[in-house]
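What the coordinates show
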Amino acid sequence: MKKLFPVEELARDDRFRRVAIAERITDGRSPANAKNQEKLQGRLTPARPDAPDAARQLMHGIFTGEIQALEGAGRTCWDFPVGKVTDEAPDAVPFELKLDMARQCWDEARHCEISVKLSDWMGTVIGEFSEATFLYEAACNPDPVLRLTGVNRALEGLAIDVFNTMREFGDSAGDPVLEFCEDWMLADEVTHVKMGSDWLRRLTATDPERQARALEFQRIVDKLFSLGGFRGEDDDSPVRLARRFRELAGFDTDEMDELAEISRESRDEATRYQEQALAAADGGA
Amino acid sequence: MADPKKPRAAFAPWDRRELPGAFDVEESARRVGNYKWIEMRLFEALGGWVATVPELDVKLRLGTHCYHHAWHAELWHKRLPELREMNPDRLTVPPNDELVTFVAALTEPEGPGETIEKLVGVYRVLIPALVAAYTYHLNNTSTITDAPTIRSLKFALQDLFDDWRDGEMMLQSLIETPDEVDRAAAHQARLQKLLLASGGVAGPGSIGDPWASEVPGADEGIAS
């Protein structure tokens, strides 16, 4: 089995419909498309007219994200040698890091099981929505520190925000099953983000340049996943930044402020593009 | 209530544990180092395969079992310093090159159409070999002096029995044609031969030597 398994080869059965990042961003209906003229629907609450479909779509996205998180953690178990970093093995990792990744495999496998059951509970099926693969793409980074920072801090951090939002949605919608499951998964995600925070600190303690590269990679992934303001701190952000849980996972206030700023920038950028697109459409009419 | 001052034996009447065991400290450490090495190779492979199998239930089981073997590796890693091996990496080695060859063949299948081969290697060859080696160790080590190893062996064996059953059931559900039966059998035979050449997960003597005379003097016909 080769090292570094490409995203194109991820194994799926016939139900799955994969969408690449480029397709997603250029799809005019996607919130990731800066020229999308439809405004974000706002915070996910039962009062939203499209709440049932939006919740089902979000749950499907959680499910496919969990599969890729499982695959990414599994690949980290396989892709890197155990030991000290040397010229011959610049990508070597500590034994304990691999143990954490194996533990994460188990957690993500359970999250897949929970998500499948919840999808059924909420009335959707595997394949009703498409699968975006950018979570796994972040997990393909050949530097284990960058991979862990991108996946465990940026993406699992997003999972904290998403699960907290879904948990609150379950509470406000009077769905104790959804609230119960999301709360359990939220606990696991805090653990995974803390793993990322701890390993980033330990592995780059004497290598500030590598730490800077890892944090830059995290910023890129965070920006990509802000999806034009999808996750932020504004009242109408569909997914809210869960500061309290991120703090438990090792994020400091400055980092969370920066994340909020990235989301705001992303949202402003999207709004600008929308206005330009609308102006162009008016001019052409 | 019984008299609290009345002396009681250190070993209750139902406690039949004995001091003698087949392994000294060095031999026990050597075996534990071999166990850690093979459990590491196994959890790494299971983790790596998750992305390569299209069958959703298999994907999730591999992710779960990956952690089981990582935890076993951690148990053995922690046991080594207790067996006077203060540098666990020194004994975290395969027993011989033949076992390395076996692991290379075990982890060879990668394609999405090779789930049967992946599962056969793990659940019909390696895990049964681990069950055998751990059981031999469990049944032959000193039940008093080596009790910590016994405890870890029992935890690991419980996982192995459960995972073995999971794996066998996945295989039985995937094998649907006579050709697939042949495929599974051929791959199993190939790996089994490589494992045989290594002598097992802890090398020759992994499960003892049933041909050796058990009773001193038996060969001379004076034991009876």
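Keep in mind the model is a prediction, meaning the values are calculated, not measured. (Residues numbered from 1 in each chain as written. Chains lettered and ligands numbered in written order. Predicted model: local features only at pLDDT ≥ 70, side-chain atom pairs only at ≥ 80, totals over all residues.)

Remarks on the overall build of chain A
Tallying secondary structure elements over chain A gives nine helices and four strands in all. Each helix and strand of chain A, ordered N terminal to C terminal, gives the series β-α-α-α-β-α-α-α-α-β-β-α-α. For chain A, whose C-alpha radius of gyration is 19 Å, the value lies close to the compact-globule estimate of 19 Å for 285 residues. Here the C-alpha coordinates of chain A stretch approximately 60 × 45 × 40 Å along the principal axes. Within chain A, the proportion of its 285 residues that are buried is 44%. Across chain A, every contact between residues at least 6 apart in sequence was considered, and the portion connecting residues at least 24 apart equals 75%. (Helix = DSSP H or I, 4+ residues; strand = E, 2+ residues; numbered from the N terminus. Rg over C-alpha atoms; globule rule 2.2 N^0.38 Å. Buried ≥ 20, exposed ≤ 12 C-beta atoms within 10 Å, placed from the backbone. Contact = placed C-beta atoms within 7 Å.)

Things to note about the overall build of chain B
Along its length, chain B carries seven helices and zero strands. Secondary structure elements of chain B occur, N-terminal to C-terminal, as α-α-α-α-α-α-α. Once the C-alpha set of chain B is aligned to its principal axes, its extents read approximately 70 × 55 × 35 Å. In chain B, buried positions account for 42% of the 224 residues. Within chain B, contacts between residues at least 6 apart in sequence are counted, and of these 78% link residues at least 24 apart.

Looking at the interface of chain A and chain B
With 26 residues of chain A in contact, the opposing surface of chain B contributes 23 residues. Elements with a contribution of two residues or more to the side of chain A that touches chain B: helix H2 (51-79) and helix H3 (95-122) of chain A. For the side of chain A that touches chain B, the leading source of residues is H3 of chain A, giving 12 residues. Residues of the side of chain A that touches chain B, tallied by class, amount to 16 nonpolar, one polar and nine charged. (Nonpolar A, V, L, I, M, F, W, Y, C, P; charged D, E, K, R; others polar.)

Comments concerning the nonpolar core
Ranked by internal contacts, the top residues of the largest apolar core, which has 115 residues, are Cys 105 and Leu 155 of chain A together with Phe 43 and Cys 66 of chain B. Looking at this core, the element that brings in the most residues is helix H5 (residues 144-172) of chain A, giving 13 residues. The contacts of Leu 155 of chain A, once residues within four sequence positions are left out, are Leu 135, Ala 138, Gly 150, Val 221 and Phe 225 of chain A. (Core = buried A, V, L, I, M, F, W, Y, C linked by C-beta atoms within 7 Å.)

Digging into helix H1 (residues 25-50) of chain B
The end-to-end C-alpha separation of H1 of chain B is 38 Å, in line with the 38 Å expected for 26 residues at 1.5 Å each. Of all 26 residues making up H1 of chain B, 22 are buried, and the element is well covered by its neighbours. (Expected span 1.5 Å × (residues − 1).)

Considering the confidence of the model for chain B
Averaged over every residue, the pLDDT of chain B is 94; residues scoring 70 or more account for 95%. Reported confidence for the predicted complex is 0.91 by ipTM and 0.92 by pTM. (pLDDT = per-residue confidence, 0-100.)

Some thoughts on unusual backbone geometry
For Leu 4 of chain A, which is not a glycine, the phi torsion comes out positive at approximately 55 degrees. Within the secondary structure layout, Leu 4 of chain A lies in the segment before strand S1 (18-19).

Section: the confidence of the model for chain A
In this model, chain A carries an average pLDDT of 89, and 91% of its residues clear a pLDDT of 70 or more. Ranking the elements of chain A by mean pLDDT puts helix H1 (residues 21-26) of chain A last, at 70, and H3 of chain A first, at 97.

Comments concerning the packing of H5 of chain A against helix H6 (residues 176-203) of chain A
All names here are of chain A. Relative orientation of the contacting elements H5 and H6 amounts to 160 degrees, with a least axis distance of 8 Å. Judged on the interaxial angle alone, H6 and H5 are roughly antiparallel. Considering only the axes of H5 and H6, their crossing is left-handed. Here the residues of the contact of H5 with H6 sort into 15 nonpolar, eight polar and eight charged. (Axes fitted to C-alpha atoms, helices over the stretch in contact; angles between N-to-C directions. Parallel < 35°, antiparallel > 145°, perpendicular 65-115°, else oblique. Left-handed = near helix turned anticlockwise from the far one by under 90°.)

Things to note about the packing of H2 of chain A against H3 of chain A
Between two packed helices, the angle of one axis relative to the other and the distance separating the axes together describe the packing. Residue and element names in this part refer to chain A. In contact at an axis separation of 8 Å, H2 and H3 are set at 160 degrees when each is read in the N-to-C sense. The angle between the axes of H2 and H3 places the two elements in the roughly antiparallel class. Crossing handedness for the pair H2 and H3: left-handed. Among the residues making up the contact of H2 with H3, the classes are represented as 17 nonpolar, seven polar and four charged.

Some details on the environment of Ile 67 of chain A
All names here are of chain A. Within the secondary structure, Ile 67 sits in helix H2. Classification of Ile 67 as buried rests on a count of 28 C-beta atoms within 10 Å. With 32 residues separating them along the chain, Ile 67 and Leu 99 place their C-alpha atoms 19 Å apart.

Brief notes about the environment of Tyr 35 of chain B
Residue and element names in this part refer to chain B. The topology assignment puts Tyr 35 in helix H1. Placed 75 residues apart in sequence, Tyr 35 and Glu 110 show a C-alpha to C-alpha distance of 25 Å. With sequence-adjacent residues up to four places away left out, Tyr 35 is seen in contact with Trp 76 and Val 201.

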